[in-house]
Structure formats: structure tokens, C-alpha cells
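Here is how the chains run, residue by residue.
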Amino acid sequence: MNTYKFPVHHVKMADDTYRVYDHKTDNSLMVAPSLGTTMAIGAAQGQRFDWPTP
């Protein structure tokens, strides 16, 4: 698994603000949606309808 411990650049688009990490040694980029969007996606995917909610 790659780790990106480099400064993040925020890129604002019409639909969201994206976080872009530039990996200096691997010549690669990692792009992720905003933290709020990431948490919302995780919460939606984590909700299982066959389990009772606490």
C-alpha cells in the first residue's frame, strides 16, 4: 500500500473540493474527495439494512 505523507493541494471543482497529493519519489498522484464527502460515502456504505441500528 502506498502512503502519501506530502502536502495536500486543494482543488475546487463545481461538484466538490478535491485533495491532491503529489508523491515526489514515485511520480504519482493520489486524488481524493473532500473529507466531508469521504465520511458521507463511508457512512452510507457502512449502513447495513439487515442489522439493527444502535
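Note on numbering: residues in each chain are counted from 1, in written sequence order. Where local features are concerned, this predicted model is filtered to residues with pLDDT of at least 70; where side-chain atom pairs are given and counted, the filter is 80 or more; whole-chain, interface and lining totals use all residues. As a convention, hydrogens and water are excluded, and side-chain values are obtained from all of the structure's heavy atoms.

Peer 1: It is not clear to me how the overall build of the protein should be interpreted in this structure. Could you clarify?
Peer 2: Each helix corresponds to a stretch of at least 4 residues labelled H or I by DSSP, and each strand to a stretch of at least 2 residues labelled E; elements are numbered beginning at the N terminus. Helices and strands together make up the secondary structure of the protein, namely one helix and three strands. Overall, the protein shows an N-to-C arrangement of helices and strands of β-β-β-α. To sort residues, take the accessible area from a 1.4 Å probe on protein chains only and compare it with the maximum for the residue type: under 20% means buried, over 50% means exposed, and anything in between is partly exposed. Put simply, the protein has 54 residues, and 15% of those count as buried. Contacts between residues were defined by any pair of non-hydrogen atoms, one from each residue, lying within 4.5 Å. Expressed as a percentage of contacts within the protein between residues at least 6 apart in sequence, the contacts between residues at least 24 apart total 8%. In this description, accessible areas are obtained by the Shrake-Rupley approach with a 1.4 Å probe, and a residue is regarded as covered only by the protein chains that are shown. In the structure as shown, the protein presents an accessible area of about 4700 Å², 61% of it carried by carbon and sulfur atoms.

Peer 1: Even after reading the chapter, I still don't get the side chain of Ser-34, so can you show me in this structure?
Peer 2: Summarising the element assignment, Ser-34 is placed in the loop between strand 3 (28-32) and helix 1 (35-46). The residues touching Ser-34, leaving out its near neighbours within four places in the chain, are Asp-16, Thr-17 and Arg-19.

Peer 1: Looking at this model, I keep getting lost on the pairing of strand 3. Mind explaining?
Peer 2: Note on strand geometry: in a regular strand, side chains alternate between the two faces of the sheet. Only strands that DSSP links by at least two bridges are regarded as paired with each other. The pairing of strand 2 (residues 17-23) with strand 3 spans five bridges and is antiparallel. Opposite His-23, over in strand 3, you have Ser-28 as the bridge partner.

Peer 1: I would appreciate a short explanation of the sheet that holds strand 1 (residues 8-12) in the present structure.
Peer 2: Note on sheets: strands pair through backbone hydrogen bonds, and any given pair is parallel or antiparallel. The three strands are arranged 1-2-3 in an open sheet whose pairing can be described as antiparallel. Of all strands in the sheet, those with a lone pairing partner are strand 1 and strand 3, marking the two edges. Direction aside, the axes of adjacent strands within the sheet are offset by 30° on average. Axis definition: a line fitted to C-alpha atoms, limited for helices to the stretch in contact. Angles are taken between N-to-C directions and run from 0 to 180 degrees.

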